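Secondary and tertiary structure notes
Spelled out from the first residue to the last, the chains are:
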Amino acid sequence: MAERWSSRLGFVLATVGAAVGLGNVWRFPSVVGQNGGGAYLLPYLFAAFVFAVPLVVLEFAVGRSLRTDVVSAFRTVGERYAALGWVVAGSVLVVLSYYLVLTGWVLAFFVGAATGRPLSFASFTATYWPVVAFVVVAAAVAAVVSLGVKSGIERLSTAVMPVVFVVLAGLAVYAWTLPGWAAGVSFFLTPRLSVLSDVGVWSAAFGQVFFSLSVGQGIMLTYGAYVDDETSLWGSAALVAVADVAVACTAGLVIFPVVFTLGVEPTAGTQLAFTTLPRAFAAMPFGRVVAVGFFGLLFLAALTSAVSLLEVGVASATRATDWGRPRATVALMAGVAVLGLPSALSYSPAAVSLAGVPFLDVVDESVGTFALPVTAFLLVAAFAWVADADVVRETLGRAYPLVKYAIPVVLVAVTGTAAAGVVTPEWSLTARALLVGLVRPVPFLVTLAVLLGVGWLLRDRVRPRRWRR
């Protein structure tokens, strides 16, 4: 790959932009609220710095040593492994298809707050504006990626990420002035150690960390291919993790004081961002300014993450074909738009659904839940087990056994725990429970098939030529 980051700062900000997204500002506080408040932070921090950082370094090392995309990297291990590379790239594009829908929602709520016409989720989804917002965001993401690494991705990240940090810090200062600040911080930071014996809490923490840091999706491998040889991969991975955790925790310090000030249920879940918080902002002093800042930073964070997801596919497509970057970007985004349209329509008057469950929810609860641990397992299996490359061993150092042996076990455990939670009490014996009961185990069975497939490929493992830096 000829393209490179212009500086280490550009690389770090782009990587932080890939990691910091909806998972930090929107999903993290809701997961904390549902998993015991402050106690959840202990397994979360453990998962982030003990498990996720070495996995980021693995992807960085593979990307930099091979200077290629995800699919070509798998092909380097062996020609028949290229198919697994396409599984990774394809899974990322499917995730992008509904991630863009959520990003469109955020954009719409930001525009509503900025223009003085705040939205309610019910009124918003009663129109076709969710589809329009989806198309606008998809076009914006495609435009950035088509410009290339330096002129598009890096320029966006260096402009956007400082704004995200400043706005988030300002919101945290505002939250400090609210009456519910002490109660919110107490709920957020005081650990209820009794929940640490719950396997589900640990599984949720590992799942959230891998989702939040964008590991196991080929993003870090792709971005690592553009970094110079002098940049410290461990230092960069640590900075990304610190920034990612800092944004997530600061978001909690913003949201929970608001929640307790207005007497809102802290375990409300994902409806916090689009239902609970807009009502809370409307009832708060300077609520419009706060709403603009909150949805603005949420949109910018989501935009940089969406760009990174598309770049994985574009980098692979340009390498596999004779297409230039603009053509590959347009072609892939057109495909992603087709995939995402049912999700966009599911929260509109069309109400596209399966057995009464919005299509977006079906995709999120199946592909969104299982794709990441599956693709992460493929990356570890290919580059820590099959390839066993010297450059990976040297870069990971003492963490190599952790990546090779412990992380695959964790990934399988997280997937199994998610698959086991098919029916929750509030679903009872509804059509939703039946549908989820039928759909969710499918990706888990696919995971088992992948494990068997990798085992079959390992039966005659050979050590490939040494990768050069």
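Residues numbered from 1 in each chain as written. Predicted model: local features only at pLDDT ≥ 70, side-chain atom pairs only at ≥ 80, totals over all residues. Heavy atoms only, no water.

1. Some remarks on the packing of aromatic side chains
By the definition in use, this model includes 29 aromatic pairs. Ring centres of Phe187 and Phe260 lie 5.6 Å apart, and the angle between their planes is 50 degrees; this geometry places the pair in the tilted category. Here Phe187 is found in helix α9 (residues 181–189), whereas its partner Phe260 is found in helix α12 (residues 233–261), with 73 residues between them in sequence. In this structure Phe260 comes out as partly exposed when scored by relative accessible area, which is 29%. An aromatic cluster is defined as three or more aromatic residues linked by ring pairs; in this entry it consists of Trp105, Phe109, Phe121, Phe124, Phe274, Phe281, Phe294, Phe295 and Tyr347. Across from the ring centre of Trp385, 5.0 Å away, lies the NZ or CZ of Lys404, which sits over that ring. (Phe/Tyr/Trp six-rings, centres within 6.5 Å; stacked < 30°, edge-to-face > 60°. Helix = DSSP H or I, 4+ residues; strand = E, 2+ residues; numbered from the N terminus. Buried < 20%, exposed > 50% of the residue type's maximum accessible area, 1.4 Å probe, protein only. Lys NZ or Arg CZ within 6 Å of the ring centre and 35° of its normal.)

2. Let's talk about empty space enclosed by the protein
In this structure the tally under the stated criterion is three cavities of 30 Å³ or more. In this model, the largest cavity occupies a volume close to 120 Å³. Elements with a minimum of two residues in the lining of the largest cavity: α1 (8–19), α2 (22–34), α5 (82–114), α10 (199–212) and α14 (287–320). Ranked by residues supplied to the lining of the largest cavity, first place goes to α14 with three residues. A per-class count over the lining of the largest cavity returns nine nonpolar, seven polar and no charged. (1 Å grid on protein atoms, 1.4 Å probe; cavity = no way out; pocket = protein on both sides within 12 Å on 5 of 7 lines; lining within 4 Å. Points joined across faces, edges and corners; volume = space filled by probe spheres on them. Nonpolar A, V, L, I, M, F, W, Y, C, P; charged D, E, K, R; others polar.)

3. Looking at the nonpolar core
If you look at soluble globular proteins, the nonpolar side chains tend to sit buried side by side. Counting 161 residues, the largest nonpolar core has Phe74, Leu100, Val141 and Phe383 as the members making the most contacts within it. Counting residues per element, this core draws most heavily on α5, which supplies 19 residues. If near-sequence neighbours (up to four positions away) are discounted, Leu100 is found in contact with Phe134, Val137, Ala138, Val141, Ala306, Met333 and Val336. (Core = buried A, V, L, I, M, F, W, Y, C linked by side-chain atoms within 4.5 Å. Contact = heavy atoms within 4.5 Å.)

4. Brief notes about the layout of surface pockets
Here the second largest pocket is characterised by a volume of approximately 270 Å³. If you trace the second largest pocket, you find it lined by Leu107, Ala108, Val111, Gly112, Thr115, Arg117, Leu119, Phe124, Trp129, Val132, Ala133 and Val136. The class makeup of the residues in the lining of the second largest pocket is nine nonpolar, two polar and one charged.

5. A word on helix α4 (residues 70–77)
In terms of burial, α4 is largely enclosed, as six of its eight residues are buried. The secondary structure elements touched by the buried residues of α4 are α3 (41–66), α5, α11 (219–224), α14 and α16 (359–386). A distance of 3.0 Å separates the backbone nitrogen of Val71 from a side-chain oxygen at the start of α4, and that oxygen is part of Asp69. (Polar contact = N/O pair within 3.5 Å; in protein donor to acceptor, adjacent residues only side chain to side chain.)

6. As for the pattern of salt bridges
Counted by the stated rule, this structure contains four salt bridges. The residue Arg75 makes a salt bridge to Glu79 at a minimum N-O spacing of 3.2 Å. Glu311 is paired through a salt bridge with Arg325; the nearest N and O atoms lie 2.8 Å apart. Separated by 14 residues along the polypeptide, Glu311 in helix α14 and Arg325 in helix α15 (residues 325–346) bring together distant segments of the chain. Judged by its relative accessible area of 0%, Glu311 falls in the buried class. Judged by its relative accessible area of 14%, Arg325 falls in the buried class. Among the ionic contacts, a cluster of salt bridges with common partners joins Glu3, Glu311 and Arg325. (Salt bridge = Lys/Arg side-chain N within 4 Å of Asp/Glu carboxyl O.)

7. As for unusual backbone geometry
Keep in mind that most residues, glycine aside, have a negative phi and that most peptide bonds are trans. Its identity is not glycine, yet Ser214 carries a phi of approximately 60 degrees, on the positive side. One can find Ser214 in the loop between α10 and α11. Phi is positive for Phe286, which is not a glycine, with a value near 55 degrees. Topologically, Phe286 is positioned in the loop between α13 (271–282) and α14. Phe286 sits in the exposed class, given a relative accessible area of 64%.

8. A closer look at the packing of α15 against α16
Where α15 meets α16, the closest approach of the two axes is 6 Å, and the angle between their N-to-C directions is 120 degrees. The angle between α15 and α16 falls in the class oblique. Within the contact between the two elements, α15 uses Pro342, Ser343 and Ser346 and α16 uses Phe359, Leu360 and Val363. Split by residue class, the contact of α15 with α16 holds four nonpolar, two polar and no charged. (Axes fitted to C-alpha atoms, helices over the stretch in contact; angles between N-to-C directions. Parallel < 35°, antiparallel > 145°, perpendicular 65-115°, else oblique.)

9. Description of α9
Three or more residues of α9 are buried, namely Gly184, Val185, Phe187 and Phe188. For α9, the angular spread of the buried residues around the axis is 160 degrees, confining them to a single face. (Arc of directions from axis to C-beta.)

10. Describing the side chain of Ser343
Of note, Ser343 is situated in helix α15. If sequence neighbours within four positions are ignored, Ser343 has contacts with Tyr98, Val101, Phe359, Leu360 and Val363.

11. Section: the environment of Phe294
In this fold, Phe294 is placed in helix α14. Here the alpha-carbon distance between Phe294 and Leu171, two residues 123 residues apart in the chain, equals 7.5 Å. Each residue touching Phe294, except ones within four places of it in the same chain, is listed here: Val25, Leu171, Ile255, Leu277 and Phe281.

12. Here we look at the packing of α1 against helix α8 (residues 149–176)
One way to put it is that α1 packs onto α8 with a least axis distance of 8 Å and a crossing angle of 70 degrees. The pairing of α1 with α8 is recorded here as roughly perpendicular in orientation. Every pair of crossing elements has a handedness; the one defined by α1 and α8 is left-handed. For the pair α1 and α8, the contacting residues are Gly10, Leu13, Ala14, Val16 and Gly17 in the first and Ile153, Glu154, Ser157, Thr158, Met161 and Phe165 in the second. (Left-handed = near helix turned anticlockwise from the far one by under 90°.)

13. A closer look at the side chain of Ser214
Since its relative accessible area comes to 6%, Ser214 is described here as buried. In this view, Ser214 contacts Ala18, Ala19, Ile219 and Met220; residues no more than four positions away in its chain are not counted.

The analysis is restricted to geometry; functional conclusions fall outside its scope.
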